[in-house]
Every structure is written in C-alpha cells, then in structure tokens.
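Reading the structure
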Amino acid sequence: MFGKEGKLTMSRIGKMPVPVPDAVNVAINGRNVSVEGPKGKLELDLPELTEAKMEDGQVVVTREGDEKRAKAMHGLARALINNMVIGVEKGFVKKLEINGVGFKAAVQGQVLNLQLGYSHDINHEIPAGLNVTVDSGTSITIEGADKAVVGKMAAEVRSYYPVEPYKGKGVKYADEQVVRKQGKQVQ
C-alpha cells in the first residue's frame, strides 16, 4: 500500500481488477465502457484521469498520476464498472413497504400510482429499464440492472411520505428499522 516515501501508492478499491463472468461481455472503446449481459446493457464514460483495459478476462482500471483527485476517480471508476457487471448479470433489487390505513400502491402501465392519504393520488413515472411490481397493495419491489436508477427511484418513492416515528405510517425500505417514539401521556 505504502511506497518508499511513506505515501499511499494506489487506491485500495481501484487496484482490484473487476472479474467478468462468462455470461457478460465487456467492450472498451477509448474512454467508453459497454457491458452487456442477461439483464440488459449499460454504458459508462470513464471519469477523468482514469483508463480501463481488459486483461485475462478481467477489467483493470488505471489512473494518471498520484494527485488526490486521480486517486478518488480511480476507486470511483472501478466501483462503477463493478456495479455494471453485477447489474447486467444478476440485477439489483430494492423493496419498499407501505404502512397506514388506506395507504396502497398499484402499477398502471409505466406509472406507479400511490395513495398515501393525500387529497390526490401520486403518479410516479417508472424509468426505462426498471421492473416494478406491487404485492398485496403494500409491498413494492423495484428491479433493474442499473444500481443508481434503482436506488434513485426507491428514494423518490420513499420521499413522498417518509415513515413518521409515532404511528409508523408511511413508506419505508423493507429492511429499514424505524425508531418509534412514545406519544403524549394523559394524566
């Protein structure tokens, strides 16, 4: 990790090669990386100060120089390529739960319809490449190959009515723990 001068020599994340499974094809054209697999196809323009190349069935990311910005971009580029490979092979999933009387969701074409106790329904457009399913009206599953798009949609849906700590009403991630507060006490 540390060179002769005691300086950090490489990004710990960036120096690890990204293994490419047999079901995934990676094409590197200059600064553009294309990854194609069973779950779809993703493209990425590499961050500044980084380069990528294929070596022995793995993607190796390198950087230009040792300045702080180059080290940061080195780890970022490797992480983005790794997420692309995992996404097109296995995909990413986020699960949300809706709690509250009369709160429910439904998928209508390319729109997620949410009834969250407001005077109007909330219609959230489903981005291309995502598969959204609703089970029993209160459990939402968002699946897709792009980790950022899956996470963004889940965060946007959750932001319409975050869980309040007194009764637990609202939209939360399935694995989220909500710390409940005790209400006012009558004496």
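Structural data are supplied above this passage.
Note that this is a predicted model, so its numbers are computed, not measured.

This paragraph deals with the pattern of salt bridges. Applying the stated criterion to the full structure yields six salt bridges. The shortest N-O distance in the salt bridge between Asp66 and Arg63 comes to 2.9 Å. Under the relative-accessibility criterion, Arg63 is labelled buried at 15%. Two residues, Glu176 and Arg158, come together in a salt bridge whose shortest N-O distance is 2.7 Å. Residue Glu176 is found in the segment after strand 13 (170-173), and its partner Arg158 is found in helix 2 (residues 147-159); the two are separated by 18 residues along the sequence.

Strand pairing in a sheet relies on backbone hydrogen bonds, with the paired strands running either antiparallel or parallel. Pairing is antiparallel in the open sheet, where three strands are placed in the order 2-3-4. One side of each edge strand has no neighbouring strand; the edge strands of this open sheet are strand 2 (25-29) and strand 4 (40-45). Sheet twist, expressed as the mean angle between neighbouring strand axes with direction ignored, is 15°. Of the pairings in the sheet, the one linking strand 2 to strand 3 (residues 32-37) comprises five bridges and is antiparallel in character. Bridge pairing links Val26 to Val35 in strand 3. Together, strand 2, strand 3 and strand 4 form the strand contacts of helix 1 (residues 68-89), whose direction differs from that of strand 4 by roughly 170°.

An α-helical turn contains 3.6 residues, so any two residues separated by three or four positions project in the same direction. Compared with the 18 Å implied by 1.5 Å per residue over 13 residues, the 18 Å span of helix 2 between its first and last C-alpha is a close match. Looking only at helix 2, the buried set comprises Val150, Met153, Ala154 and Val157. On an axial view of helix 2, the arc spanned by its buried residues comes to 100°, and they lie on one face. The exposed set on the far side of helix 2, more than 90 degrees from its buried face, consists of Ala148 and Lys152. Its side-chain oxygen placed 3.2 Å from the backbone nitrogen of Ala148, Asp146 serves as the N-cap of helix 2.

The next point concerns helix 1. Taking 1.5 Å of rise per residue, the 22 residues of helix 1 would be expected to cover 32 Å, and the 32 Å separating its terminal C-alpha atoms lies within 8% of that figure. Buried within helix 1 we find Ala70, Met73, His74, Gly75, Ala77, Arg78, Ile81, Asn82, Met84, Val85, Gly87 and Val88. One or two residues past the end of helix 1 sits Gly91, with phi positive at roughly 85°.

Definitions and cut-offs
- Residues numbered from 1 in each chain as written.
- Predicted model: local features only at pLDDT ≥ 70, side-chain atom pairs only at ≥ 80, totals over all residues.
- Heavy atoms only, no water.
- Salt bridge = Lys/Arg side-chain N within 4 Å of Asp/Glu carboxyl O.
- Buried < 20%, exposed > 50% of the residue type's maximum accessible area, 1.4 Å probe, protein only.
- Helix = DSSP H or I, 4+ residues; strand = E, 2+ residues; numbered from the N terminus.
- Pairing = 2+ DSSP bridges.
- Axes fitted to C-alpha atoms, helices over the stretch in contact; angles between N-to-C directions.
- Contact = heavy atoms within 4.5 Å.
- Expected span 1.5 Å × (residues − 1).
- Arc of directions from axis to C-beta.
- Polar contact = N/O pair within 3.5 Å; in protein donor to acceptor, adjacent residues only side chain to side chain.

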